[in-house]
Amino acid sequence: MTAPTVDVFDPRVFANGLPHRELAQLRDTGPVSWQDEHAVGDWPAGPGFWAVTRYADVKRVLQTPEVFSSWLGATQIRDPEPDDLGFIRRMILNMDAPEHLRLRRLVAAAFTRRRLEQSAEQITARARALLDAVAPKGSCDLPHDVTDDFPLANLAELIGVPSEDRALLLKWTNRVIGYQDPEHTDVTRDEAGRPLNPRSPAMLADMFGYARELAEHKRAHPAQDVLTALVQAEVDGQALDDAELQMFFFLLVIAGNDTVRSALPGGVLALLDHPDEYRRLRADRTLLPTAIEEMLRWHPPVLTFRRTAAADTVLGGQQIRRGDKVVVYHVSAHYDERVFDDPFRFDIARKPNEHLAFGQGPHLCLGAHFARLQLRIFFTEFLTRLPQVELDGRPTHLTSNFINGLTHLPLRWTPPDPNVASA
Ligand code: HEM
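To keep things clear, this report deals only with the structure shown in the data block. (Residues numbered from 1 in each chain as written. Predicted model: local features only at pLDDT ≥ 70, side-chain atom pairs only at ≥ 80, totals over all residues. Heavy atoms only, no water.)

**As for the site of the ligand**
Phase 1 of the analysis: In the vicinity of the ligand lie 28 residues, with His-100, Arg-104, Arg-307, His-363 and Cys-365 positioned nearest.
Phase 2 of the analysis: One of the side-chain nitrogen or oxygen atoms of His-100 is found 2.7 Å away from an oxygen atom of the ligand.
Phase 3 of the analysis: Between the ligand and Arg-307, the relevant distance is 2.8 Å, taken from an oxygen atom to a side-chain nitrogen or oxygen of the residue.
Phase 4 of the analysis: Taken atom by atom, the bulk of the ligand overlaps the largest cavity.
Phase 5 of the analysis: Looking at the shell around the ligand, the elements with two or more residues in it are α4 (99–108), α8 (149–159), α12 (242–255), α13 (258–273) and β5 (304–309).
Phase 6 of the analysis: In terms of residue count, α12 provides more of the shell around the ligand than any other element does, four residues in total.
Phase 7 of the analysis: Here the shell around the ligand is composed, by residue class, of 20 nonpolar, six polar and two charged. (Near = heavy atom within 4 Å. Polar contact = N/O pair within 3.5 Å; in protein donor to acceptor, adjacent residues only side chain to side chain. 1 Å grid on protein atoms, 1.4 Å probe; cavity = no way out; pocket = protein on both sides within 12 Å on 5 of 7 lines; lining within 4 Å. Sits in = over half its atoms within 2 Å of the grid points. Helix = DSSP H or I, 4+ residues; strand = E, 2+ residues; numbered from the N terminus. Nonpolar A, V, L, I, M, F, W, Y, C, P; charged D, E, K, R; others polar.)

In structure tokens, the structure reads:
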């Protein structure tokens, strides 16, 4: 096996921002290279994995599920407890064909463009209210004051979660995604003092109980939301069973929240780091659609995803053995000079821009349209309501090798003159 040259496993590496130098080194000298999965804090060491850093190899892994399985070891870098694996495999994200295809057809029916777009008006009103609340102050911490609430509220509305229960969604997301981060210390331990995996059945019992009750409520009181569509979904005489429904609810809460929550401040930071492009976008709003794609390339909300080799194979010249863990680095593929012209240039008009932020192949993100809708609305309102912002301190990154989160992004601007506004 190739000796590890650089550590792109340790979640703490990502707390200092993206490790571009290390990833470029891997793309050039070891595009499929072994990473030692050392212990991190209380979390025990794992067996190690292959880090896949070039665009073409990342794409191949994602497009070849028969060789690179989502089911064998699920899709997180950290191995699930053997006892939990059966449970975790009931989530669509952790399935292979033919089960995956069956479930995907069932849930895709709930994600019609019409259903997703029906909330555009409320999403706009929400973006305006959040931005208007901070505009007169002249400063804010963007995630805390604006962007953490926005996707959560949009998602809750899409799924059909009553607004008074939104805090629960945030608690569950933080527990699952933020567990590597020192700010989120909601770690539960077993009797021996070992931290419990936040994706284990024991840790998810309260969320599943909630999903079961809400699904029952939707059956009795159907509404225009995704959960109602899911309880009613039927393809070829088959419907989702209770366990599938609860598992899908869990996935939506995690997948649909933290990703957009990362993309929003990530996009703002990209603009602030490139004042010319920020100016260009303010002057020409027609560039917003390509600007959003460039933000997703520049700051991919999902850093990595895991697969497990189902057979011996060769990837990027490297022999991979059946059972090996293989981790694709979207964050590295997006800066691969073999595919992207001048990848370290942030270009809001970039075309083509075949980024992999929403994945590739059979598990391609089901919520991409809803995510883009939220980004388009947010940035339209952001450019209008806070016309010119500056950084007001150092951004803080989430300690995670999975989600490219920004936990603090202090901003300042010149508040509008209240006399002018009221004149
Ligand atoms: C910018 C925001 C988002 C990003 C970057 C993103 C990224 C991704 C990625 C990379 C995958 C593929 C995982 C894999 O390869 O195993 C995925 C799958 C998925 N996403 Fe998203 N996502 C976003 C927003 C959303 C939203 C808003 C929703 C729901 C409302 C959502 C629901 C899903 C679901 C259900 C899957 C699983 C699809 C399957 O396994 O067939 N995502 N997402």
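The rest of the description comes next.
**Focus: the coordination of the iron atom of the ligand**
Phase 1 of the analysis: The sole protein-derived ligand of the iron atom of the ligand is Cys-365 (SG), positioned 2.3 Å away.
Phase 2 of the analysis: For Cys-365, the location among the structural elements is in the loop between α16 (330–333) and α17 (368–385). (Donors = N, O, S within 2.8 Å, 3.2 Å for Na, K, Ca; no water.)

**Overview of the pattern of salt bridges**
Phase 1 of the analysis: What the rule picks out here adds up to 31 salt bridges.
Phase 2 of the analysis: A salt bridge links Asp-28 to Arg-338; the nearest nitrogen and oxygen atoms lie 2.8 Å apart. Taken together, the positions of Asp-28 in helix α1 (residues 20–29) and Arg-338 in the loop between α16 and α17 put the pair 310 residues apart, joining distant regions of the chain.
Phase 3 of the analysis: Note that Arg-261 is salt-bridged to Asp-258, the shortest N-O span being 3.0 Å. You can see Arg-261 and its partner Asp-258 sitting in helix α13, three residues apart, about one turn around the helix. Summarising the burial analysis for this pair, Arg-261 and Asp-258 share the class buried.
Phase 4 of the analysis: One salt-bridge network, in which partners are shared between bridges, spans Arg-27, Asp-28, Asp-336, Glu-337 and Arg-338. (Salt bridge = Lys/Arg side-chain N within 4 Å of Asp/Glu carboxyl O. Buried < 20%, exposed > 50% of the residue type's maximum accessible area, 1.4 Å probe, protein only.)

**A closer look at the sheet that holds strand β9 (residues 390–391)**
Phase 1 of the analysis: Within the open sheet, the three strands sit side by side as β4-β12-β9. Their pairing is antiparallel. Strands at the two margins of the open sheet, each flanked by one partner only, are β4 (139–141) and β9.
Phase 2 of the analysis: Bridge count between β4 and strand β12 (residues 410–412): three bridges; the pairing is antiparallel. Within β12, the residue paired with Cys-140 across the bridge is Leu-411. (Pairing = 2+ DSSP bridges.)

The values are spatial; any link to function lies outside them.
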